[in-house]
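Descriptive analysis of the structure
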Amino acid sequence: MGRGTNLSEATKAEILRLSCEGKSGAEIGRTLGISRGTVSAFLTRYGRQNIRSCEYCGKAIKDSEAVFCPYCGKKILTDRDRLEAHLAEIRKATSEFPATQRDVIFKAIAEVSKIAKKMEGGK
Ligand SMILES: [Zn+2]
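Remember, it's a predicted structure, so these values are computed and weren't measured experimentally.

1. Describing the nonpolar core
If you look at the biggest cluster of nonpolar residues, it comprises 7 residues: Leu7, Ile15, Leu16, Ile28, Val39, Phe42 and Leu43. The element that contributes the greatest number of residues to this core is helix 3 (residues 36–50), accounting for 3 residues. When near neighbours in sequence (up to four residues on either side) are disregarded, Leu7 contacts Lys12 and Phe42.

Below you can see the structure in the form of structure tokens.
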């Protein structure tokens, strides 16, 4: 069994659902008829991508679809929300700059984020 790579979308959804209910990897494996190793490999990989922490109270939020923090009730910002907010800030701050200067700034930002993405991917 390839460690989590051959799981169907339905199985993945079930693993996440059971995991959110607080079931252990062994219990989830037994319920779904797959090995505990497969379950934990999937959760580790999935968790790395999807577990976020609340900006306000700092708690880990495991429900990838949650919109509000289950602990403090504040809206959870996605990376996209944050990105949009930063870009809006930069646009506002540079709105009186000449267009050529703004171009330089936005090009530099695009380069920085490309490099950051590459660095993160190579971890
Ligand atoms: Zn919170």
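That shown, we press on.
2. Examining the environment of Lys75
Locating Lys75 in the fold gives a position in the loop between strand 2 (60–61) and helix 4 (79–93). Its 13 C-beta neighbours within 10 Å are what place Lys75 among the partly exposed residues. For the pair Lys75 and Ala41, spaced 34 residues apart in sequence, the C-alpha to C-alpha distance is 30 Å.

3. Examining the domain arrangement of the protein chain
Each assigned domain of the protein chain is listed with its residue range as follows: domain 1 (9–61) and domain 2 (79–119). Just the C-alpha atoms count here: the centres of domain 1 and domain 2 sit 35 Å apart.

4. Considerations on helix 4
Across its 15 residues, helix 4 extends 21 Å between first and last C-alpha, which sits within 8% of the 21 Å expected from 1.5 Å per residue. For helix 4, the tally of buried residues reaches only 0 of 15 residues, placing the bulk of the element at the surface.

5. Thoughts on the environment of Ser35
For Ser35, the location among the structural elements is in the loop between helix 2 (25–32) and helix 3. Sequence separation between Ser35 and Arg102 is 67 residues; the distance between their C-alpha atoms is 54 Å.

Here is what the cut-offs are and how they apply
Residues numbered from 1 in each chain as written. Predicted model: local features only at pLDDT ≥ 70, side-chain atom pairs only at ≥ 80, totals over all residues. Core = buried A, V, L, I, M, F, W, Y, C linked by C-beta atoms within 7 Å. Buried ≥ 20, exposed ≤ 12 C-beta atoms within 10 Å, placed from the backbone. Helix = DSSP H or I, 4+ residues; strand = E, 2+ residues; numbered from the N terminus. Contact = placed C-beta atoms within 7 Å. Domains from an automatic or database assignment. Expected span 1.5 Å × (residues − 1).

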